[in-house]
Amino acid sequence: MRTFEAGASKNLSMRKVLIAFLPFFSFISFAQDVKKTEQDLVLHFKKIDYWSTYKGNDARINSIDSLQKANEIFQQKLMEYTSKQPATLTYDFRALKKEAITIATSTDKKFRIYSWDTKAGGTMHFFKNVYQYQAGSKVFSKSSKTEEGDSGGWFSEIFNLNGNGKHIYMGYFNAIYSTSDAYQAIKFFTITNNELVDNPPLIKTKSGMNHELGFGFNFFSVANRKERPVKLIYFDSAQKTIKIPVVNAKSEVTKKIIIYKFSGKYFEYQGK
């Protein structure tokens with residue numbers, strides 16, 4: 001009887017040890033899965049680089065079409081992985097970032113924007129974005145939509161704000177139209193009924209409601225600044241204000257500042 005009790009006690013102890021280690025093993029498994037995901041994404045992104053610099057003489061190959069297809073495949077892969085693997089929402093993706101993929105993450109870790117240069121332009125750069133977000137206990141992904149001829153842009157930061165019963169995300173948007181012509185803006189996002197709503201009208205102006213707060217400028221007027229990307233827009237979470245610079249008639253960025261303050265429903269102009 002004592003032998004049986006000792007054996008049963010030992011088996012119970014072993015089960016407790018295994019149960020204690022299950023979360024650890026699950027963490028390792030998820031980490032390995034995401035690492036494989038990153039390796040596959042890097043592999044597909046390198047094809048974008050390959051076709052953007054293709055110098056072959058094979059008349060059967062259209063490098064422009066191949067580049068477009070490589071971008072489409074990468075976008076599809078990224079959307080598939082980010083919608084099916086929740087761990088990707090907080091994964092660092094260091095190897096992917098080394099390939100010049102920009103990943104902006106909100107402070108609450110529930111919203112991400114993946115941005116990359118399609119390499120389809122010249123001095124005007126064309127970008128694609130994939131939005132990844134958490135709604136409830138699920139993770140979703142969505143691609144950005146641009147009209148034909150629109151070069152799009154990339155997101156360097158995401159700010160958070162609670163207001164009007166909603167969680168508001170503010171993406172710091174950057175566009176490159178030529179060597180000198182650039183554009184920066186704050187673009188807004190909210191999540192309603194598990195759907196990401198991009199461009200909700202949250203800027204109140206004299207002419208009506210706008211969905212973004214931005215300005216064009218001559219990059220050479222701020223080229224001597226040390227930070228990259230050049231940061232011209234500032235959000236104060238305590239004061240709930242957005243500060244943007246005044247741009248003169250020559251498209252030069254000046255030291256003057258325009259302030260917009262959140263009223264609880266939208267941002268309103270406060271003056272210079």
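Values in this document were obtained by computation on a predicted structure and should not be read as measured data.

## Let's talk about the overall build of the protein
The helix and strand tally for the protein stands at three helices and 15 strands. Within the protein, the fraction of its 272 residues that count as buried is 36%. Of the contacts made within the protein by residues no fewer than 6 positions apart, 49% connect residues no fewer than 24 positions apart. Counting every atom, the protein has about 16400 Å² of accessible surface; 53% of that belongs to carbon and sulfur.

## So, the layout of surface pockets
Reported here for the largest pocket is a volume of approximately 510 Å³. Elements with a minimum of two residues in the lining of the largest pocket: helix H2 (63-84) and strand S3 (127-135). Per-element accounting of the lining of the largest pocket gives the leading share, six residues, to H2. Across the lining of the largest pocket, the residue classes break down as five nonpolar, eight polar and seven charged. The wall of the second largest pocket is formed by 21 residues, among which Lys145, Thr146, Asp150, Lys187 and Asn199 lie closest to the centre. Of all the elements in the fold, those that place two or more residues in the lining of the second largest pocket are S3, strand S4 (138-143) and strand S7 (181-192). Broken down by element, the lining of the second largest pocket gets its largest block of residues, three residues, from S7.

## Details of the packing of aromatic side chains
Aromatic ring pairs are defined here through the distance separating the ring centres and the angle between the ring planes. In total, this model carries 23 aromatic pairs according to the counting rule given. Between the aromatic rings of Trp51 and Tyr54, the centroid separation amounts to 5.0 Å while the plane-to-plane angle is 50°, which identifies the pairing as tilted. Judged by centre distance (6.1 Å) and plane angle (75°), the ring pair of Phe93 and Tyr114 falls under edge-to-face. One end of the pair, Phe93, is in the loop between H2 and helix H3 (94-98); the other, Tyr114, is in strand S2 (residues 111-117), and 21 residues separate them in sequence.

## Remarks on the nonpolar core
Counting 26 residues, the largest nonpolar core has Met170, Phe188, Leu232, Ile242 and Phe267 as its most contacted members. Broken down by secondary-structure element, the contributors of at least two residues to this core are strand S5 (154-163), strand S6 (166-176), S7, strand S11 (212-218), strand S13 (241-247) and strand S14 (253-262). Tallying contributions element by element places S14 first for this core, with four residues. If we ignore the near neighbours within four places in the chain, the residues touching Leu232 are Tyr172, Gln184, Phe215, Phe217, Val222, Arg225, Lys243, Ile244, Pro245 and Val253. Core analysis: the second largest hydrophobic core is formed by 18 residues, Trp51, Ala70, Phe74 and Val130 among them.

## Quick notes on the sheet that holds S13
Strand order in the open sheet made by the six strands is S10-S9-S15-S14-S13-S12, with mixed pairing throughout. Edge positions in the sheet fall to strand S10 (208-210) and strand S12 (234-236), since each of these pairs with one other strand and no more. In this sheet, neighbouring strand axes are inclined to one another by 40° on average, regardless of whether the strands run parallel or antiparallel. Relative to S14, S13 runs antiparallel, the two sharing six bridges. Its bridge partner lying in S14, Thr241 is registered against Lys261.

## Looking at the sheet that holds S3
Spatially, the four strands line up as an open sheet ordered S1-S2-S3-S4, and their pairing is antiparallel. What marks the edges here is a single partner per strand, and that holds for strand S1 (102-105) and S4. Within this sheet the neighbouring strands show an average axis-to-axis angle of 15°, counted without direction. Two elements, S1 and S2, share four bridges in a ladder whose sense is antiparallel. Its bridge partner being in S2, Ala104 is matched across the sheet by Ile113. Each of S2, S3 and S4 is contacted by H2, which is oriented at about 165° to S4, the strand it contacts most.

## Here we look at the pattern of salt bridges
Tallied over the entire structure, the rule returns eleven salt bridges. Of the charged contacts, one joins Lys187 and Glu212 as a salt bridge, the two residues approaching to 2.5 Å between their closest N and O atoms. Here Lys187 is found in strand S7, whereas its partner Glu212 is found in strand S11, with 25 residues between them in sequence. Each member of the pair, Lys187 as well as Glu212, carries the same accessibility label: buried. In this structure, Glu227 engages Arg225 in a salt bridge whose closest nitrogen and oxygen atoms are separated by 4.0 Å. A relative accessible area of 29% means that Glu227 is categorised as partly exposed. Residues joined in a network through salt bridges with shared partners are Asp92, Arg94 and Lys97.

## Considerations on the confidence of the model for the protein
Taken residue by residue, the protein gives an average pLDDT of 90. The fraction at 70 or more is 89%. Here residues 24-29 scores under 50 on pLDDT; set against residues more than four positions off or in separate chains, the count is zero contacts.

Calculation rules
Residues numbered from 1 in each chain as written. Predicted model: local features only at pLDDT ≥ 70, side-chain atom pairs only at ≥ 80, totals over all residues. Heavy atoms only, no water. Helix = DSSP H or I, 4+ residues; strand = E, 2+ residues; numbered from the N terminus. Buried < 20%, exposed > 50% of the residue type's maximum accessible area, 1.4 Å probe, protein only. Contact = heavy atoms within 4.5 Å. Areas by Shrake-Rupley, 256 points an atom, 1.4 Å probe, with all protein chains shown as cover. 1 Å grid on protein atoms, 1.4 Å probe; cavity = no way out; pocket = protein on both sides within 12 Å on 5 of 7 lines; lining within 4 Å. Points joined across faces, edges and corners; volume = space filled by probe spheres on them. Nonpolar A, V, L, I, M, F, W, Y, C, P; charged D, E, K, R; others polar. Phe/Tyr/Trp six-rings, centres within 6.5 Å; stacked < 30°, edge-to-face > 60°. Core = buried A, V, L, I, M, F, W, Y, C linked by side-chain atoms within 4.5 Å. Pairing = 2+ DSSP bridges. Axes fitted to C-alpha atoms, helices over the stretch in contact; angles between N-to-C directions. Salt bridge = Lys/Arg side-chain N within 4 Å of Asp/Glu carboxyl O. pLDDT = per-residue confidence, 0-100.

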